[in-house]
Amino acid sequence: MSWIREGELNLIERLSANILKAGPVPKHVAFIMDGNRRFARKKHVDRQEGHSQGFNKLAETLRWCLQLDIPEVTVYAFSIENFNRSREEVDGLMELAKLKFLRLLDEREKLEKHGVCIRVLGDLTLLPLDLQQLIAKAVVATREHNRCFLNVCFAYTSRHEMANAVREMAWGVEQGLIKASDVSEALLSECLYSSNSPNPDLLIRTSGEVRLSDFLLWQTSHSCLVFQSVLWPEYSFWNLCDAVIQYQCNHASITKARELHQDEQRRQQLEADHACVAELLHHHGNGKPADAPRRQEAVTEYGVRREARVKDFLDALRNKRDSFLTELASQAT
Ligand code: FPP
Ligand code: MG
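Calculation criteria
Residues numbered from 1 in each chain as written. Chains lettered and ligands numbered in written order. Predicted model: local features only at pLDDT ≥ 70, side-chain atom pairs only at ≥ 80, totals over all residues. Heavy atoms only, no water. Near = heavy atom within 4 Å. Polar contact = N/O pair within 3.5 Å; in protein donor to acceptor, adjacent residues only side chain to side chain. Areas by Shrake-Rupley, 256 points an atom, 1.4 Å probe, with all protein chains shown as cover. Helix = DSSP H or I, 4+ residues; strand = E, 2+ residues; numbered from the N terminus. Nonpolar A, V, L, I, M, F, W, Y, C, P; charged D, E, K, R; others polar. Salt bridge = Lys/Arg side-chain N within 4 Å of Asp/Glu carboxyl O. Buried < 20%, exposed > 50% of the residue type's maximum accessible area, 1.4 Å probe, protein only. Axes fitted to C-alpha atoms, helices over the stretch in contact; angles between N-to-C directions. Parallel < 35°, antiparallel > 145°, perpendicular 65-115°, else oblique. Left-handed = near helix turned anticlockwise from the far one by under 90°. Contact = heavy atoms within 4.5 Å. Phe/Tyr/Trp six-rings, centres within 6.5 Å; stacked < 30°, edge-to-face > 60°. Lys NZ or Arg CZ within 6 Å of the ring centre and 35° of its normal. Pairing = 2+ DSSP bridges.

Trainee: It is not clear to me how the site of ligand 1 should be interpreted in this structure. Could you clarify?
Mentor: Surrounding ligand 1, one finds 15 residues, the nearest of these being Asp-34, Arg-37, Arg-38, His-51 and Arg-85. Arg-37 places a side-chain nitrogen or oxygen 2.8 Å from an oxygen atom of ligand 1. Burial of ligand 1 by the protein chains amounts to 94% of its free accessible area of 620 Å². Mapped onto the shell around ligand 1, the elements with two or more residues apiece are α2 (36–43) and α3 (47–67). Among the elements that line the shell around ligand 1, the one with the most residues is α3, at 4 residues. Its residues assigned to classes, the shell around ligand 1 comprises 6 nonpolar, 5 polar and 4 charged.

Trainee: Explain the pattern of salt bridges here, please?
Mentor: Where charged atoms from two side chains of opposite charge approach closely, those side chains can pair. Evaluated as defined, the whole model comprises 29 salt bridges. In this structure, the salt-bridge partner of Asp-69 is Lys-21, at a minimum N-O distance of 3.8 Å. Separated by 48 residues along the polypeptide, Asp-69 in the loop between α3 and β2 (72–79) and Lys-21 in helix α1 (residues 11–21) bring together distant segments of the chain. As a salt-bridge pair, Glu-89 and Arg-85 come within 2.8 Å of each other at their nearest N and O atoms. Residue Glu-89 is classed as buried on the basis of its relative accessible area, which comes to 4%. Taken together, the shared-partner salt bridges in this structure form one network comprising Asp-34, Arg-38, Arg-205, Glu-209 and Arg-211.

Trainee: What is the right way to read the packing of helix α4 (residues 87–106) against helix α6 (residues 129–142) from this model?
Mentor: Packed helices, taken two at a time, are described by the angle between their axes plus the distance between the axes. Between α4 and α6, the shortest axis-to-axis distance is 9 Å and the interhelical angle comes to 30°. Judged by the angle between their axes, α4 and α6 are roughly parallel. Of the two elements, α4 crosses α6, and the hand of that crossing is left-handed. On the side of α4, the interface is formed by Met-94, Ala-97, Lys-98, Phe-101, Leu-102, Leu-104 and Leu-105, while α6 contributes Asp-130, Leu-131, Leu-134, Ile-135, Lys-137, Ala-138, Ala-141 and Thr-142. Here the residues of the contact of α4 with α6 are counted per class, giving 11 nonpolar, 1 polar and 3 charged.

Trainee: When you look at the packing of aromatic side chains in this model, what are you seeing that I'm missing?
Mentor: Where two aromatic rings form a pair, the distance of their centres and the angle of their planes describe that pair. Considering all chains together, one arrives at 13 aromatic pairs under this definition. Their ring planes at 75° and their centres at 4.9 Å tell us that Phe-78 and Phe-83 sit as a pair that is edge-to-face. On the basis of relative accessibility, which here comes to 29%, the residue Phe-83 falls in the partly exposed class. Ring centres 5.1 Å apart and planes at 80° place the aromatic pair Phe-237 and Trp-238 in the edge-to-face group. Aromatic rings pair up to connect Trp-3, Phe-55 and Phe-101 into one cluster. The lysine or arginine in question, Lys-320, covers the ring of Trp-171, its NZ or CZ lying 4.2 Å from the ring centre.

Trainee: How should I be thinking about the pairing of β2 in this particular structure?
Mentor: The two faces of a sheet get side chains in turn, since along a regular strand they alternate between them. When you tally the buried positions in β2, you get 7 out of 8 residues, the bulk of the element. Relative to β2, strand β1 (residues 28–32) is paired through 5 bridges, and the arrangement is parallel. Considered in β2, the bridge of Ala-30 is made with Thr-74. By the bridge criterion, 7 bridges tie β2 to strand β4 (residues 148–156) in an arrangement that is parallel. From the neighbouring strand, Ser-79 faces β4, where its bridge partner is Tyr-156.

Everything listed here is a matter of coordinates, which is why it stays silent on function.
Listed below in structure tokens is the structure:
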């Protein structure tokens, strides 16, 4: 099964899609694709077949998302906790991933035609080396595409991602690229694997489980969360429409909460800049208090210098990550 599943909506689906598109459509939808094994049991097929049909459903869902003008999708394909499953199941999932990323490389032209950029978010070093190399090759092959985005979370948990982001900031301080006082919520967001994406507007979990299971915990604090009882391989266009309607019903309050959070972040940053400047003036002003205009000017200058520092650090971090991927990709056979 291809990553890009061709096919048209039928008349009634098209009409419904057009009605939905008259309202606010999420720009980014995240899926916890849960229920593959229960589906396999229900259909009396083996577990691996359940996961394989789960992948097919992903390809079909991506097409529906494009037809609904949703340009970005993030999926939970393999949690770090999934390594605790039986050896046979983990090996099966690794094999499935190898097969699909190989297929992705064969479909390069089709992906280019549709402008699909595929990113993999997670700790690749936890994976078998041949899979790491294959993933890196696939990511490098599509990284310039920019019409739609698929983020595959593989060897991922949110806590691992956050801990990694904190380590990256510590590295920046160690290298003298940033100061400890530059560490902020906004900077941590920029150090996450998901830094190239806006936060999801809508997160959907299938199979009736009502937990986030360590998925995108940082990114979904202002997202619409929808829990649906359908098993992932049985997901339908109508389930997706239902989730989008729930997003539309909550759109105003989600937008308001995000705006309030952004205002609060700006206020916190300004407060932090003021505190740093106060300390600097105290050290360099021989204890004499600075007048208000001088202080304001110093805060503005400090903000400009901080932004330049942070930009250089983020460029260095991006280069470090790009070199890691490029090096891995070059080793792929
Ligand atoms: C959750 O169902 C599903 C997974 C752990 C694997 C999801 C993987 C895919 C859909 C394939 C994606 C592959 C690529 C390469 C993108 P479950 O196993 O927890 O089932 P259960 O909840 O019924 O036990
Ligand atoms: Mg499950």
